[in-house]
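Each chain, letter by letter, is given below.
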Amino acid sequence: MKNPLSALIAVFKKKELEKAVQSQVEVVTPAQTPTTLPTSPGLDEHSSPLDEMKSNFVSIAAHELRTPLTSIKGYLSVYMNDYKDKLDEDQKSLLGHISNATEELLGLVENLLNVSRIERGAMNLNLAEVNWDEVLKGVADDFNERAGQKNIQLKFVQSVGLPPIKVDKVRVLEVISNLVSNAINYTNPGGTVQIWAEKGSDNDIVTHVADNGQGIPADAIPNLFTKFYRVTQGLTQGNTNSEGNGLGLYISKAIVDMHHGKIWVESEVGRGSRFSFSLPLGL
Ligand code: ADP
């Protein structure tokens, strides 16, 4: 039988943790952006207090991690810039690894904050009219260097006569960036990634990100947009470039859902994938 004293200590610790989390919760304020659409659905009525505690804890931990990580990134960048003529190749390579690892950690922290916002219903949309082709071209330009480093051709195909569309630009940029980043990650050197948009048949704009990379097995597709899901077979597992965390597509779907759009994928193992999402006109 369990020692009653240790059981009592466990209960006490749980209460202390609850108190600590409660006292911290007030500190975490959701993003204060003007709302023009309902917030994300958040934890549903079936979620337990433990789920809420977990979500709050993740949010607090991610907030606390973001500030020092941003400082490390900033100081590192200043140091690498100021000392670039004095550092030898080994030192540069070492600092490059530190910088990449910091970027990766910051990416994870941002993703965890987004998941927490989605689950707490605290992700709001700040809608404004944009030129969609310009948005896509901007993302393609941003990823050009990274694609080139992996010898992947990144093509942006301009569309003709797309109407302006109202979106939360910051959030939809996350969606396109996730898709383009994945397409580069899961395509081998020599491959091609294409980005384009077209007017859909449902008074919407449909955007596509297509690659001729490793593709996704049919049985994995239904799980792709769920939290922390990663395909664990074939090239994905052995691909050392893909240090992902399985949150990008979950967050992307939540953002597209909030815009009342849809996201889907067509894929064939060994031939490539085409991720598409629609965003309605006239929001
Ligand atoms: P992450 O890439 O961080 O693991 P995501 O949620 O963005 O997380 O993607 C989930 C999984 O879907 C990935 O781990 C990968 O297995 C698979 N995937 C996503 N995009 C592609 C793609 N373009 N080609 C092949 N597999 C992909």
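Since the structure is predicted, the reported quantities are computational estimates derived from the model, not experimental observations.

## Considerations on the overall build of the chain
Step number 1: Scanning the chain for helices and strands turns up seven helices and seven strands.
Step number 2: Overall, the chain shows an N-to-C arrangement of helices and strands of α-α-α-β-α-β-β-α-β-β-α-α-β-β.
Step number 3: Taking all 283 residues of the chain together, the buried fraction comes to 41%.
Step number 4: For the chain, the proportion of contacts with a sequence separation of at least 24, taken over those separated by at least 6, is 75%.
Step number 5: Accessible surface computed for the chain: about 16400 Å², of which carbon and sulfur atoms make up 55%.

## Quick word on unusual backbone geometry
Step number 1: Of note, the phi angle at Asn151 is positive, near 55°, even though the residue is not glycine.
Step number 2: Checked against the element boundaries, Asn151 lands in the loop between α4 (132-149) and β2 (153-157).
Step number 3: Residue Asn151 is classed as exposed on the basis of its relative accessible area, which comes to 53%.
Step number 4: One non-glycine residue, Phe228, lies in the positive phi region at around 65°.
Step number 5: Assignment of secondary structure puts Phe228 in the loop between β5 (204-211) and α6 (235-238).

## A short note on the site of the ligand
Step number 1: Taken together, 19 residues lie around the ligand, and Asn182, Tyr186, Arg230, Asn245 and Leu249 are the ones closest in.
Step number 2: Here an oxygen atom of the ligand sits 2.8 Å away from a polar atom, N or O, in the side chain of Asn182.
Step number 3: Here the ligand loses 97% of its free accessible area of 520 Å² to cover by the protein chains.
Step number 4: Every element with two or more residues in the shell around the ligand is listed here: α5 (169-185), α7 (248-258) and β7 (272-280).

## Some details on the confidence of the model for the chain
Step number 1: Put simply, the chain has an average pLDDT of 83, and 80% of its residues get 70 or more.
Step number 2: For residues 1-38, every residue scores under 50 in pLDDT, and the model assigns this stretch 32 contacts once sequence neighbours within four places are set aside.
Step number 3: Here residues 234-241 is modelled with pLDDT under 50, and outside its nearest four sequence neighbours on either side it reaches 13 contacts, counting other chains as well.

## Points about the packing of aromatic side chains
Step number 1: Throughout the structure, instances matching the rule amount to three aromatic pairs.
Step number 2: Ring centres of Trp132 and Phe277 lie 6.4 Å apart, and the angle between their planes is 80°; this geometry places the pair in the edge-to-face category. Placement of the pair is Trp132 in helix α4 and Phe277 in strand β7, with a sequence separation of 145 residues.
Step number 3: Given the relative accessible area of 2%, Trp132 is considered buried.
Step number 4: With a relative accessible area of 1%, Phe277 lands in the buried category.
Step number 5: Both rings, one in Phe225 and one in Phe275, keep their centres 6.4 Å apart while their planes meet at 75°; by these two values the pair is edge-to-face.

## Topic: the pairing of strand β6 (residues 262-268)
Step number 1: Across seven bridges, β6 lies against β7 in antiparallel orientation. If you follow Glu266 over to β7, its bridge partner there is Arg274.
Step number 2: Here β6 folds back onto β7 in antiparallel fashion, the turn holding three residues, of which Gly270 has a positive phi close to 85°.

## Focus on the sheet that holds β5
Step number 1: Ordered in space as β2-β4-β5-β7-β6, the five strands form an open sheet in which the pairing is mixed. Across the chains shown, the open sheet's two edge strands, defined by having one partner strand only, are β2 and β6. Each strand of the sheet is rotated relative to its neighbour by a mean of 15°, with strand direction disregarded.
Step number 2: Examined bridge by bridge, β2 and strand β4 (residues 192-199) share five bridges and lie parallel to one another. Residue Gln153 lies in a different strand from β4, and its bridge partner there is Thr192.
Step number 3: α5 contacts β2, β4, β5 and β7 of the sheet and is inclined by roughly 170° relative to β7.

## A word on the pattern of salt bridges
Step number 1: Within the structure shown, the criterion is met by eight salt bridges.
Step number 2: A salt bridge links Asp141 to Lys137; its shortest N-O distance comes to 3.1 Å. One end of the pair, Asp141, and the other, Lys137, are both in helix α4, four residues apart, so they sit about a helical turn from each other.

Conventions adopted
- Residue numbers here run from 1 along each chain, matching the order of that chain's written sequence.
- Side-chain atom pairs in this predicted model are given and counted only at pLDDT of 80 or more, local residue features only at pLDDT of at least 70, and totals for whole chains, interfaces and linings cover all residues.
- The basis for every side-chain value is the complete set of heavy atoms in the structure, and neither hydrogens nor water enter the calculation.
- A run of H or I in DSSP counts as a helix once it spans at least four residues, and a run of E counts as a strand once it spans at least two, with each numbered from the N terminus.
- Classification of residues uses two cut-offs on accessible area relative to the type maximum, computed with a 1.4 Å probe and protein chains only: under 20% is buried, over 50% is exposed, and between them is partly exposed.
- Only heavy atoms enter the contact rule, under which two residues are in contact if any of them lie within 4.5 Å.
- Shrake-Rupley sampling with a 1.4 Å probe provides the accessible areas, and residues are treated as covered by the protein chains on show and by no other component.
- Near residues are defined by distance, with any heavy atom within 4 Å of the molecule or strand qualifying the residue.
- Whenever a nitrogen or oxygen atom comes within 3.5 Å of another N or O atom, the pair is scored as a polar contact, on the condition that within protein one atom can donate a hydrogen and the other can accept it, and that pairs from neighbouring residues in sequence are kept only if both atoms are in side chains.
- Per-residue confidence from the predictor is given as pLDDT, running between 0 and 100.
- Geometry of aromatic contacts follows a simple scheme: Phe, Tyr and Trp rings, the Trp one being its six-membered ring, pair when their centres are within 6.5 Å, and the pair is stacked under 30 degrees between planes, edge-to-face over 60, tilted otherwise.
- Should DSSP find at least two bridges between two strands, the strands are regarded as paired.
- Axes here mean lines fitted to C-alpha atoms, for a helix over just the part in contact, with angles spanning 0 to 180 degrees between N-to-C directions.
- Salt bridge criterion: a side-chain nitrogen from Lys or Arg within 4 Å of a carboxyl oxygen from Asp or Glu.

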